[in-house]
Amino acid sequence: MYTKIESARLLYINLNQQKLRVEEYIHVRDAITNDGKVTDISRMVILPATYIGSPRHMHEYAQDAMTYVRSYGSPDLFITFTCNSVGSEIKELAHGQSPADRHDLINRVFRKILIKLIDIITKSCIYGEVNCCMYSIEWQKRVFRMAHILIWLKEKIRPGDVDNVIREEIPDIQQDPVLFEIVSKLMIYVPCGALNMKSPCMYETISKKNDLQNTDG
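Residues numbered from 1 in each chain as written. Predicted model: local features only at pLDDT ≥ 70, side-chain atom pairs only at ≥ 80, totals over all residues. Heavy atoms only, no water.

Visitor: What am I meant to see in the overall build of the protein chain here?
Guide: Secondary structure assignment for the protein chain yields 8 helices and 5 strands. Ordered by position from N to C terminus, the α and β elements of the protein chain give α-α-α-β-α-α-β-β-α-α-β-β-α. Every one of the 217 residues in the protein chain was classed for burial, and the buried ones make up 21%. (Helix = DSSP H or I, 4+ residues; strand = E, 2+ residues; numbered from the N terminus. Buried < 20%, exposed > 50% of the residue type's maximum accessible area, 1.4 Å probe, protein only.)

Set out below in structure tokens:
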């Protein structure tokens, strides 16, 4: 279905180049002005910026990012947000199926949670007042998506404030049992090798991690 929809969109763009006024695109006009020979320009289909993933679409995003940097300087926070495969929402949607069977529903859940996270950061101001933010969604071809988020704060984070924002520790189970369960379950890699022969990185009796380390070394 995805391929059919994309094919229909590309066919429409191909058959309606005049309606899209592609001759007014700046790069086409520059080519005519500089070369002076319209006949030398090969006939090609120009994808508009509204087509997600097209060169013009990505170019506009890159220009927006550079505008943020020129206006507010370097970002203050870089946050990585990954889709949780054992989340209650995904388990309820699976209904006996694996998450890989329903990419459409999994991506909808991921987007809703991601937008909620952005709202918490920008509107609830948990790190302080926010000037702007942007994010990029990456698919690592391992079923689930990952978002890389950049945050520009109005009050810049100084080196002495880093420990108040970023912590690398296991919470006290007595003070915050909920946070302890989340960190211990989702933020810690399971052991491999002799401690856990069923680890995903194990191939027969050898850990793939150790094999890669030996190869790199």
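Visitor: Could you clarify how one ought to interpret the nonpolar core in this entry?
Guide: Proteins that are soluble and globular tend to have nonpolar side chains buried together. By size, the foremost hydrophobic cluster in this structure holds 17 residues, and its most contacted members are Leu114, Ile149 and Ile151. For this core, the secondary-structure elements that each account for two or more residues are strand E1 (77-82), helix H5 (103-122) and strand E3 (145-153). The element contributing the most residues to this core is H5, with 6 residues. Apart from residues lying up to four places away in sequence, leucine 114 is in contact with Phe81, Tyr135, Ile137, Ala147 and Ile149. (Core = buried A, V, L, I, M, F, W, Y, C linked by side-chain atoms within 4.5 Å. Contact = heavy atoms within 4.5 Å.)

Visitor: Looking at this structure, I do not really get the layout of surface pockets. What am I missing?
Guide: The method is simple in principle: a probe with the dimensions of a water molecule rolls over the atoms, and the space it marks as empty is what remains. Of the volumes computed, that of the second largest pocket is approximately 1100 Å³. Lining the second largest pocket we find 21 residues, and of these Ile52, His57, Tyr61, Ile137 and Arg145 sit closest to its centre. It is strand E2 (residues 130-139) that contributes the most residues to the lining of the second largest pocket, 6 residues altogether. Across the lining of the second largest pocket, the residue classes tally to 11 nonpolar, 4 polar and 6 charged. In this structure, the lining of the second largest pocket is formed jointly by two domains, domain 1 (1-51) and domain 2 (74-167), each of which donates at least three residues. (1 Å grid on protein atoms, 1.4 Å probe; cavity = no way out; pocket = protein on both sides within 12 Å on 5 of 7 lines; lining within 4 Å. Points joined across faces, edges and corners; volume = space filled by probe spheres on them. Nonpolar A, V, L, I, M, F, W, Y, C, P; charged D, E, K, R; others polar. Domains from an automatic or database assignment.)

Visitor: Help me understand the packing of aromatic side chains in this model?
Guide: Each pair of aromatic rings is reported with the distance of its centres and the angle of its planes. In total, this model carries 2 aromatic pairs according to the counting rule given. Relative to tryptophan 152, the ring of tyrosine 68 lies with its centre 5.5 Å away and its plane at 70°, an arrangement referred to as edge-to-face. Of this pair, tyrosine 68 sits in helix H3 (residues 55-72) while tryptophan 152 sits in strand E3, placing them 84 residues apart in sequence. (Phe/Tyr/Trp six-rings, centres within 6.5 Å; stacked < 30°, edge-to-face > 60°.)

Visitor: Any chance you could explain the pattern of salt bridges here in plain terms?
Guide: Any two side chains of opposite charge can pair, given that their charged atoms come close. Taken as a whole, this structure holds 4 salt bridges when the rule is applied. Close ionic contact of aspartate 76 with lysine 156 constitutes a salt bridge, the shortest N to O distance being 3.4 Å. Remark: lysine 156 occurs in the loop between E3 and helix H6 (162-165) and aspartate 76 occurs in the loop between H3 and E1; sequence separation between them is 80 residues. Given the relative accessible area of 30%, lysine 156 is considered partly exposed. We note a salt bridge from aspartate 119 to lysine 123, for which the minimum N-O separation is 3.9 Å. (Salt bridge = Lys/Arg side-chain N within 4 Å of Asp/Glu carboxyl O.)

Visitor: Is there a simple way to think about the side chain of aspartate 76 in this case?
Guide: Within the local environment of aspartate 76, its side chain forms a polar contact with the side chain of lysine 156, the two groups lying 3.4 Å apart. The residues contacting aspartate 76, other than those within four sequence positions of it, are Ile151, Trp152, Leu153, Lys156 and Ile157. (Polar contact = N/O pair within 3.5 Å; in protein donor to acceptor, adjacent residues only side chain to side chain.)

Visitor: Which parts of the structure should I look at to understand H5?
Guide: For the α-helix, the turn length of 3.6 residues means that residues three or four positions removed from each other point alike. Under the 1.5 Å per step criterion, the end-to-end length of H5 is 28 Å for 20 residues, consistent within 8% with the ideal 28 Å. Within the sequence span of H5, burial applies to Leu105, Ile106, Val109, Phe110, Leu114, Ile118 and Ile121. (Expected span 1.5 Å × (residues − 1).)

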